[in-house]
Amino acid sequence: MIKVVKRAGHAENFATDKLVTVLRRVCRHRPNLDEADFRRIAHAIEAQLDDRGERFVRSGEIASLVLDRLAEIDPLSHQRLAASYVDEAGNLRTDARPVAADEAHQLGLFESD
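These numbers come from a predicted model, not from an experiment.

A. Representation of the overall build of the chain. What the chain contains, in helices and strands, is four helices and three strands. Scanning the chain from its N terminus toward the C terminus, one meets helices and strands in the order β-β-α-α-β-α-α. In the chain, buried positions account for 27% of the 113 residues. Put simply, of all contacts in the chain between residues at least 6 apart along the chain, 53% involve residues at least 24 apart. Carbon together with sulfur atoms contributes 51% to the accessible area of the chain, which is approximately 7700 Å² in total.

B. Representation of the nonpolar core. Core analysis: the biggest nonpolar cluster contains 22 residues, and Leu 49, Ile 62 and Val 66 have the highest contact counts within it. The set of elements that each furnish at least two residues to this core consists of α1 (16-26), α2 (35-52), α3 (59-73) and α4 (75-85). Ile 62 has contacts with Val 4, Phe 14, Leu 19, Leu 49 and Val 57, leaving out every residue within four places of it along the chain.

C. Structural view of the layout of surface pockets. The computed volume of the largest pocket comes to approximately 370 Å³. Around the largest pocket, the lining comprises 17 residues; the ones closest to its centre are Lys 6, Val 22, Ser 59, Ile 62 and Tyr 85. Considering each element in turn, the lining of the largest pocket owes the most residues, four residues, to α3. Looking at the lining of the largest pocket residue by residue, the classes come out as 10 nonpolar, three polar and four charged.

D. The arrangement of the environment of Arg 80 in detail. Take Arg 80: it is sitting in helix α4. Looking at Arg 80, the relative accessible area reads 30%, which means it is partly exposed. Note: C-alpha distance between Arg 80 and Leu 67 (13 residues apart in sequence) is 9.7 Å. Looking at Arg 80, its side chain comes within polar contact range of the main-chain oxygen of Arg 28, at 2.7 Å.

E. Examining the packing of α1 against α2 more closely. Two numbers describe how α1 lies on α2: the axes approach to 9 Å, and their chain directions differ by 130°. With respect to each other, α1 and α2 are oriented oblique. Crossing geometry of α1 relative to α2 is assigned as right-handed. Judged by residue contacts, Thr 16, Asp 17, Leu 19, Val 20, Leu 23 and Arg 24 of α1 engage Glu 35, Phe 38, Arg 39, Ile 41, Ala 42, His 43, Ile 45 and Glu 46 from α2.

F. Examining the pattern of salt bridges more closely. Under the defined criterion, the tally for this structure stands at nine salt bridges. Glu 12 is the partner of Lys 18 in a salt bridge, and the nearest nitrogen-oxygen pair spans 2.5 Å. The class of Glu 12 is partly exposed, set by a relative accessible area of 24%. One salt bridge connects Glu 61 with Arg 52, and the closest N-O pair in it is separated by 2.6 Å. Overall, the relative accessible area of 23% leaves Glu 61 in the partly exposed class. When its relative accessible area of 36% is taken as the criterion, Arg 52 is described as partly exposed. Because the salt bridges share partners, they merge into one network encompassing Asp 17, Arg 24, Glu 35 and Arg 39.

Conventions used here
Residues numbered from 1 in each chain as written. Predicted model: local features only at pLDDT ≥ 70, side-chain atom pairs only at ≥ 80, totals over all residues. Heavy atoms only, no water. Helix = DSSP H or I, 4+ residues; strand = E, 2+ residues; numbered from the N terminus. Buried < 20%, exposed > 50% of the residue type's maximum accessible area, 1.4 Å probe, protein only. Contact = heavy atoms within 4.5 Å. Areas by Shrake-Rupley, 256 points an atom, 1.4 Å probe, with all protein chains shown as cover. Core = buried A, V, L, I, M, F, W, Y, C linked by side-chain atoms within 4.5 Å. 1 Å grid on protein atoms, 1.4 Å probe; cavity = no way out; pocket = protein on both sides within 12 Å on 5 of 7 lines; lining within 4 Å. Points joined across faces, edges and corners; volume = space filled by probe spheres on them. Nonpolar A, V, L, I, M, F, W, Y, C, P; charged D, E, K, R; others polar. Polar contact = N/O pair within 3.5 Å; in protein donor to acceptor, adjacent residues only side chain to side chain. Axes fitted to C-alpha atoms, helices over the stretch in contact; angles between N-to-C directions. Parallel < 35°, antiparallel > 145°, perpendicular 65-115°, else oblique. Left-handed = near helix turned anticlockwise from the far one by under 90°. Salt bridge = Lys/Arg side-chain N within 4 Å of Asp/Glu carboxyl O.

Function cannot be inferred from these measures alone, as they are strictly geometric.
Written as structure tokens, this is what we have:
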């Protein structure tokens, strides 16, 4: 069983149905994709992760795999998902990044003088 490591650090079982739900949402009103396509994509991604033989995978890796698949089959759906998961610099928002010391206090209200 593959465990998905979330941004907060906890892990949960990989759920194909969650992936299908995401695909259904970003591919809404796309005439060239249907429920069978969503399931096929989700199962292909799950198989790809299984083939790696790793027990744990970051949620960002899954998002990246979905983005790659969508880029190949439906550019508009890819853009929809990318709008939610990719920042202006092209980095996945699901990837945790360390907070710099100068970012720790957003407005500096609690810094001592």
